[in-house]
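Given next are the chains, with one letter for each unit.
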Amino acid sequence: MSLSPISDSVLVMDVGNTNIVCAVYQNGKITWQDRISSLENHTAEDFYKIVNDSMLGCKFEDLKYVVLGSVVPKVGQTLQHMVEDHSNARLFNINGLSPLGLRINSLNPDKVGADLVANAFATWQKYHQNAIVIDLGTATTIQLVTADGLYQGVAILPGLKTAAQNLFLSAAQLDEIALIPPKSTLGNNTIDAMTSGIVLGHALMIEGFIDRINRENSDLDPLKVLLTGGLAGLIKDLINHDAILDSQLTTDGLYLALLKLIGD
């Protein structure tokens with residue numbers, strides 16, 4: 001399947017539990033990108049002011065298309081009102097029922113998160129290979145996507161920051177630390193020990209998933225490993241696998257989904 005970029009300005013919004021990644025595409029390239037907080041108490045006017053004031057090279061009112069992928073229903077509805085109130089853009093909500101040609105191995109595809117759909121679709125369209133897709137955000141998700149467009153399944157884990165915050169809250173003598181690559185596997189002070197346990201521990205957990213998925217799906221060998229999400233750069237060099245860092249995978253997936261839908 002070949003999806004041709006369009007010259008019209010397209011606003012893509014990937015709504016996560018913590019942040020909304022906003023990006024404007026033109027001719028298939030990102031011309032502006034920003035990350036804002038996905039606060040449920042924000043109104044449509046609040047979001048409009050934030051996005052419109054920071055958007056560069058494009059006026060909100062001139063947008064031709066808006067693509068929304070949300071895992072926070074309330075915020076997604078508010079953003080939809082924002083688009084309807086301040087533009088004449090055609091709005092597309094991407095979810096597990098969107099007719100993208102992607103096959104989703106789930107009894108309830110309508111419950112599959114928009115981010116997972118976008119990542120799987122982008123992987124299929126951009127890489128054309130069997131792949132393990134790891135998205136490191138509020139949650140860490142690990143997907144298996146095949147070269148012929150089958151979203152085989154997913155594991156959903158507590159995200160690196162989420163797990164760290166739970167540790168800080170539960171242990172009275174442990175203060176919050178910066179999430180950075182550890183100096184060594186074992187630390188000789190509390191900060192280094194926690195850095196190793198939290199950051200390296202998450203990397204080793206991901207490594208274990210990659211190894212097991214490879215063993216259980218030997219018929220799909222080789223499996224490319226893709227990393228995306230806000231914490232992917234922190235983990236990439238800590239896993240013992242040749243992984244590709246694609247920070248635009250989710251927004252690219254939403255943009256490519258638009259091209260598929262308007263092209264049919």
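Look a little higher up for the structure.
Note that the structure is a prediction, hence the values are computed from the model and not measured.

Basis of the calculations
Residues numbered from 1 in each chain as written. Predicted model: local features only at pLDDT ≥ 70, side-chain atom pairs only at ≥ 80, totals over all residues. Heavy atoms only, no water. Buried < 20%, exposed > 50% of the residue type's maximum accessible area, 1.4 Å probe, protein only. Helix = DSSP H or I, 4+ residues; strand = E, 2+ residues; numbered from the N terminus. Pairing = 2+ DSSP bridges. Phe/Tyr/Trp six-rings, centres within 6.5 Å; stacked < 30°, edge-to-face > 60°. Axes fitted to C-alpha atoms, helices over the stretch in contact; angles between N-to-C directions. Contact = heavy atoms within 4.5 Å. Expected span 1.5 Å × (residues − 1). Right-handed = clockwise from strand over helix to strand, strands pointing away. Core = buried A, V, L, I, M, F, W, Y, C linked by side-chain atoms within 4.5 Å.

Chemist: Would you explain the pairing of strand S8 (residues 139-145) in this entry?
Modeler: One face of the sheet, then the other: side chains in a regular strand alternate in exactly this way. For S8, a buried count of 6 out of 7 residues is recorded, marking the element as mostly surrounded by other parts of the structure. The pairing of strand S7 (residues 131-136) with S8 spans 6 bridges and is classified as antiparallel. When the bridges of S8 are listed, Val-133 appears paired with Gln-143. Joining the antiparallel neighbours S7 and S8 is a turn of 2 residues. Where S8 lies against strand S9 (residues 150-158), 7 bridges are found, and the strand directions are antiparallel. Within S9, the residue paired with Leu-144 across the bridge is Gly-153. Following S8, the chain reverses through 4 residues before pairing antiparallel with S9; Gly-149 in that reversal takes a positive phi of roughly 85°.

Chemist: Just to check I follow, could you spell out the packing of aromatic side chains for this structure?
Modeler: To describe a pair of aromatic rings, you give the distance between the ring centres and the angle between the ring planes. Throughout the structure, instances matching the rule amount to 4 aromatic pairs. Each ring, one from Tyr-65 and one from Phe-92, has its centre 6.3 Å from the other, and the planes form 45°; the classification is tilted. One end of the pair, Tyr-65, is in strand S4 (residues 65-70); the other, Phe-92, is in strand S5 (residues 90-93), with 27 residues separating them in the sequence. The pair Tyr-65 / Phe-92 is uniform in exposure class, with both members buried.

Chemist: Would you mind showing me how to read the sheet that holds S5 here?
Modeler: Within a sheet, each strand pairs with its neighbour through backbone hydrogen bonds, oriented either parallel or antiparallel. What the 5 strands build is an open sheet, ordered S3-S2-S1-S4-S5; its pairing is mixed. The strands lining the two open edges of the sheet, one partner per strand, are strand S3 (29-37) and S5. Between one strand axis and the next, the sheet turns by 15° as a mean value, whatever way the strands run. Bridging between strand S2 (residues 19-26) and S3 involves 8 bridges; their strand directions are antiparallel. Along S3, the bridge assignment pairs Ala-23 with Gln-33. Contacts from helix H2 (residues 73-86) reach strand S1 (10-15), S2, S4 and S5, with the element oriented near 170° to S4.

Chemist: Teacher, can you tell me more about helix H3 (residues 114-127) here?
Modeler: Each turn of an α-helix holds 3.6 residues, which means side chains three or four residues apart point in the same direction. Here H3 spans 19 Å end to end across 14 residues, near enough to the 20 Å set by a 1.5 Å rise per residue. Taking burial as the measure, the 14 residues of H3 include 13 buried ones, the bulk of the element.

Chemist: How should the side chain of Ser-196 be read in this particular structure?
Modeler: In this structure, Ser-196 sits in helix H5 (residues 190-216). Sequence-distant contacts of Ser-196, that is, excluding residues within four places in its chain, are made with Pro-182, Ser-184, Thr-185, Leu-186 and Gly-201.

Chemist: Where do I start with the pairing of S5 in this structure?
Modeler: Across 4 bridges, the pairing between S4 and S5 is parallel. When the bridges of S5 are listed, Val-67 appears paired with Phe-92. Crossover S4 to S5 through H2 is right-handed.

Chemist: Looking at this model, I keep getting lost on the nonpolar core. Mind explaining?
Modeler: A general feature of soluble globular proteins is that nonpolar side chains tend to end up buried together. Counting residues in hydrophobic clusters, the biggest one holds 35 residues, and the most contacted among them are Val-10, Ile-94, Leu-100, Leu-102 and Phe-121. Those elements that place two or more of their residues in this core are S1, S2, S4, H3, S7 and helix H7 (249-263). Non-local contacts of Ile-94, meaning those with residues more than four positions away in its chain, are made with Val-67, Leu-68, Gly-69, Leu-100, Ala-114, Val-117, Leu-254, Ala-257 and Leu-261. Counting 27 residues, the second-largest nonpolar core is a separate cluster that includes Ala-164, Met-194, Ile-206 and Leu-223.

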